[in-house]
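# Structural overview
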Amino acid sequence: MKSIFIDCSLGISGDMLVSALFDIGIPPSVFLDNLVNLKIDKNYNMTFEKGDRQGIEGILCKKMEINFKDISRSFNDIKNLIFDSNLNDYVKKKSINVFEILAKSEAIVHGTKVSNVHFHELGSIDSILDIVNVCSAIDFLKPENIYFSTPPAGRGVISTSHGLLPVPVPTVLEIAKQNQIPLMFLEDKYNGEVTTPTGIALIATFIDKNGQPGDINIKKIGVGLGNKNICRPNFLRVLLLDNNEISISNNNKPHYETVISQEAWIDDSTPEDIAILIERLRSSGAIDVTSHSVDMKKNRKGICIKAIAYPKDEDLLRDVWFNYSTTLGIRENRINRWLIPRRIGKHKTKFGEISFKQAIRPNGQTSIKIEHKDLTQISLNTGISLEEIRMMLLKELSEFYQLEDGFY
């Protein structure tokens, strides 16, 4: 499972995020093609260069106008510009979503309609290109989940087209409020904006989870530098993650992973309803679901239902709990587990083809378990007991072909 964690604990802007995504290996053509797709390649130039901020090395995105005078644009102007471009549908949709978040917040701040919002700094080709580039990079990566750390609020005042404004500027605060994005007050010597409206609008558009993921397997690290060289390191990191990768080179070693435990106690549903709920949880991605009776308040008999799932499925399972059961809440925890490597195999026998699971122990010994449904079917067809069939088949399992390469 591929995910990305965007560590914006020192700040976030569109160009910093673009630079960090470039640094983890997004091909330059993904970004440079956008100049052509937006039909501005004759008026705009873009480069990615190595640099450093207070000793931290990273990538700096530089954009330069060529015989081009930028103008302020309305939300509709920007929508038309993106719709009329040659960008793909995903990038068009996500880019417009970012500007829609900005426009709605600007409208609230200035007490006007979204259709009357005019972007000044945010309507420049520079900002449009940052947003489109981030959306294109996400489209290229297609991550399962996108995590963001809590962005800093910043402090002080900055000069804008509206005059001096306090930091965080009103648009940033409104986006944070509307999208329930927490802001962190950082003890910082720097007075100025560190989380820009574009940066927080991108968070609102793409965030799947706020905060750090659980156990992570880091594949790549990208560092994007801010344009300002301030009194402290000014950068953003993107971590490309593969949480579930297992090294085949360590086939005989148990591996460690984090899963989600969700649990509810229910005393106002029929056994038939509980059975359907359990089936829905399993079909929605639960690794396993268990249930047992419990004594609840007022001596009522209830059912404790517990599901475990991979983190990528936790939101879907929550929807099942709240839409298809009578519970008003669930208990949820991250739990850790150790697994020994195993694989699925098939083997052709005189009784027909059977499936089995093979596991390898830390001492190198292997164990094999034949699928019970296959044993049952053979027993029903032949009249031979399950134990006899099991012993006969285990003798034949020296030759088999595997469904998957290696153990997992």
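Figured I'd write up the structure that's included with this text.

Calculation notes
- Residues numbered from 1 in each chain as written.
- Predicted model: local features only at pLDDT ≥ 70, side-chain atom pairs only at ≥ 80, totals over all residues.
- Heavy atoms only, no water.
- Helix = DSSP H or I, 4+ residues; strand = E, 2+ residues; numbered from the N terminus.
- Polar contact = N/O pair within 3.5 Å; in protein donor to acceptor, adjacent residues only side chain to side chain.
- Contact = heavy atoms within 4.5 Å.
- Pairing = 2+ DSSP bridges.
- Axes fitted to C-alpha atoms, helices over the stretch in contact; angles between N-to-C directions.
- Parallel < 35°, antiparallel > 145°, perpendicular 65-115°, else oblique.
- Nonpolar A, V, L, I, M, F, W, Y, C, P; charged D, E, K, R; others polar.
- Buried < 20%, exposed > 50% of the residue type's maximum accessible area, 1.4 Å probe, protein only.
- Arc of directions from axis to C-beta.

Turning to the side chain of Ser325, a few remarks are in order. Structurally, Ser325 can be placed in the loop between helix H9 (314-324) and strand S15 (331-339). At a separation of 2.5 Å, a polar atom in the side chain of Ser325 contacts the main-chain carbonyl oxygen of Trp321. Side-chain polar atoms of Ser325 contact the backbone nitrogen of Thr327, separated by 3.3 Å. The residues touching Ser325, leaving out its near neighbours within four places in the chain, are Ile266, Leu277 and Val320.

Here we come to the sheet that holds strand S13 (residues 288-295). In space, the four strands of this open sheet follow the order S13-S14-S12-S15, with antiparallel pairing throughout. If you trace the sheet from one side to the other, it starts and ends with S13 and S15, each paired once. Pairwise comparison of adjacent strand axes, ignoring direction, gives a mean angle of 25° for this sheet. Inspection of the sheet shows strand S12 (residues 255-266) paired to strand S14 (residues 301-309) by seven bridges, in the antiparallel sense. Its bridge partner being in S14, Trp265 is matched across the sheet by Cys304. Seen against the sheet, helix H8 (residues 271-283) touches S12, S13 and S14 and runs at an angle of roughly 10° to S14. Relative to the sheet, H9 contacts S12, S14 and S15, its axis offset from that of S12 by approximately 10°.

Between two packed helices, the angle of one axis relative to the other and the distance separating the axes together describe the packing. Between helix H6 (residues 170-178) and helix H7 (residues 197-206), the shortest axis-to-axis distance is 9 Å and the interhelical angle comes to 10°. Comparing their axes, H7 and H6 come out roughly parallel. In this structure, H6 uses Thr171, Val172, Ile175 and Ala176 to contact H7, whose residues at the interface are Pro197, Ile200, Ala201 and Ala204. When its residues are assigned to classes, the contact of H6 with H7 shows seven nonpolar, one polar and no charged.

All right, on to H9 then. By the burial criterion, the buried members of H9 are Glu314, Leu317, Val320 and Trp321. Projected onto a plane normal to the axis of H9, the buried residues spread over an arc of 115° and lie on a single side. Residues of H9 that are buried sit in contact with strand S9 (209-210), S12, H8, S14 and S15.

For Glu174, the location among the structural elements is in helix H6. Look past the residues within four positions of Glu174 in its chain and what remains in contact with it is Ser105, Ile108 and Val109.

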